[in-house]
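Next come the chains, spelled out residue by residue.
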Amino acid sequence: MRPRARTALCALLLSALLPRPAAALVHRRHFEPDDLELDPVGVLDLDFQVGPLHGDSAGKNRLILPDFEIGLGLAPEFELNVSGAFSVNESRAEPRHLSSDPLWVASKLGLLDAKDDAGNAWAGGIELGPRLPVLDAGGIGFGVLALFGVTHRAVTLVLNAGCLIDPGANRGAEHPTALVTGLDLNAALDTERRWSLQAELSTAYYVTADPEELSATLGATYAVTPHLDVSITALGGVLPNTDHAGLLVGVSPELGLW
């Protein structure tokens, strides 16, 4: 074999065996199913969660600082929703670093609202809008979710289904693209509705080279006042390269702007 060919072959083998920096810093996103609650016109609803998340056997951990969602009611069946997350990531194979989820600026529309004589209710809606990079310059993505919910007595179950296209790690990178499904459950635990139980089941199937997700959450919320909730939520996941366990503490104030 000629020296130049031998050198090229060695370089090719080394490039295939050595870890790529972009792959080492893969950010584990977490799809959170949404509910069908629309904020009243002029009401600003803030939702913040913080806490630690533990990854797989590779020792990948992160601290959420924070996961946030901001909703503003602009019309009886229309809400502007902005959501995202920041986290400090750490593992045995990479240095501690700050990362962020895409900033999703979404329009949330109520399209169906019906009740029967027994008090059961059905609702449908759609949530869609651009997904913007925060710490990276990876172009613009887009997300769309179809929502369908049913309420029986004090229990509401909402089905989510849609597609999320996230910004890439940089302008030339592939955009992570996932088909997502989820269930969001909310159940009042007392007649005054001060205590409530929440549970979520979510899946994300990536058509790009990103780790799939299967996770569940279980939490409780207490209404301190009619305009302030506090919550605690446990998270569990089972697939590689995703969050396996976590505990998040949340606070949700509500402000009337007009």
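Throughout, a residue's number is its position along its own chain's written sequence, starting from 1. The predicted origin of the model limits local features to residues at a pLDDT of at least 70 and limits the giving and counting of side-chain atom pairs to 80 or more, whereas totals for whole chains, interfaces and linings rest on all residues. As a rule here, side-chain values cover all heavy atoms of the structure and leave hydrogens and water aside.

### Digging into the overall build of the protein
- Assigned secondary structure in the protein consists of 2 helices and 13 strands.
- A simple rule labels every residue: compare its accessible area, found with a 1.4 Å probe on the protein chains alone, to the largest value its type can have, and call it buried under 20%, exposed over 50%, or partly exposed in between. Among the 258 residues that make up the protein, the fraction classed as buried is 37%.
- Pairs of residues are marked as contacts when any of their non-hydrogen atoms sit within 4.5 Å. Considering only contacts within the protein whose residues lie at least 6 apart along the sequence, 52% involve residues at least 24 apart.
- Note on areas: Shrake-Rupley with a 1.4 Å probe; residue coverage comes only from the protein chains shown. Entry remark: accessible area of the protein is about 14400 Å², with carbon and sulfur atoms responsible for 66%. For the purposes of this entry, the term helix denotes a DSSP run of H or I that reaches at least four residues, the term strand denotes a run of E that reaches at least two, and both are numbered from the N terminus.

### Focus on unusual backbone geometry
- Following L65, the chain continues to P66 via a peptide bond in cis, the omega torsion being -15 degrees.
- Of note, R153 is a non-glycine position whose phi angle comes to about 55 degrees, a positive value.
- Here R153 is to be found in the loop between strand 7 (141-152) and strand 8 (155-165).
- On the accessibility criterion, R153 (72% relative accessible area) is exposed.
- In the Ramachandran plot, R193 falls in the positive-phi region, its phi being about 60 degrees despite a non-glycine side chain.

### Thoughts on the pattern of salt bridges
- We define a salt bridge as a side-chain nitrogen of Lys or Arg found within 4 Å of a carboxyl oxygen belonging to Asp or Glu. Using the criterion set out here, one finds 5 salt bridges in the structure.
- Here D243 and R62 are joined by a salt bridge, their closest N and O atoms 2.5 Å apart. Of the two residues, D243 sits in the loop between strand 12 (228-237) and strand 13 (245-256) while R62 sits in strand 2 (residues 61-75), which places them 181 residues apart along the sequence. Comparing D243 with R62 shows no difference in burial state: the two are buried.
- With a closest N to O distance of 2.5 Å, D166 and R131 form a salt bridge.

### Quick notes on a nonpolar patch on the surface
- Taken together, the side chains of L111, L112, W122, F148, V150, L157, L159, L183, L201, L214 and V238 make up a nonpolar region of the molecular surface, amounting to roughly 930 Å² of accessible area.
- Counting residues per element, the ones that place at least two in the nonpolar patch are strand 5 (103-115), strand 7 and strand 8.
- The residue L159 is located in strand 8 in this model. The patches reported here contain residues having more than 30% relative accessible area and no salt bridge. Joining distances are 9 Å for like charges and 5 Å for nonpolar side chains (Val, Leu, Ile, Met, Phe, Trp, Tyr).

### Section: the confidence of the model for the protein
- pLDDT is a per-residue confidence score from the predictor, ranging from 0 to 100. Confidence in the prediction for the protein averages 88 pLDDT; 88% of positions are at 70 or higher.
- Predicted confidence is poor over residues 1-26, with pLDDT under 50, and the contacts of this stretch with residues over four places away or in other chains come to 6 contacts.

### Description of the pairing of strand 2
- DSSP-based pairing: two strands are paired if at least 2 bridges between them are found. Both strand 1 (residues 43-54) and strand 2 contribute to a ladder of 10 bridges, which runs antiparallel. In the sheet register, L44 faces strand 2, and the bridge partner there is L72.
- Sheet topology places strand 2 next to strand 3 (residues 78-91); 12 bridges connect them, and they run antiparallel. When the bridges of strand 3 are listed, I64 appears paired with S87.

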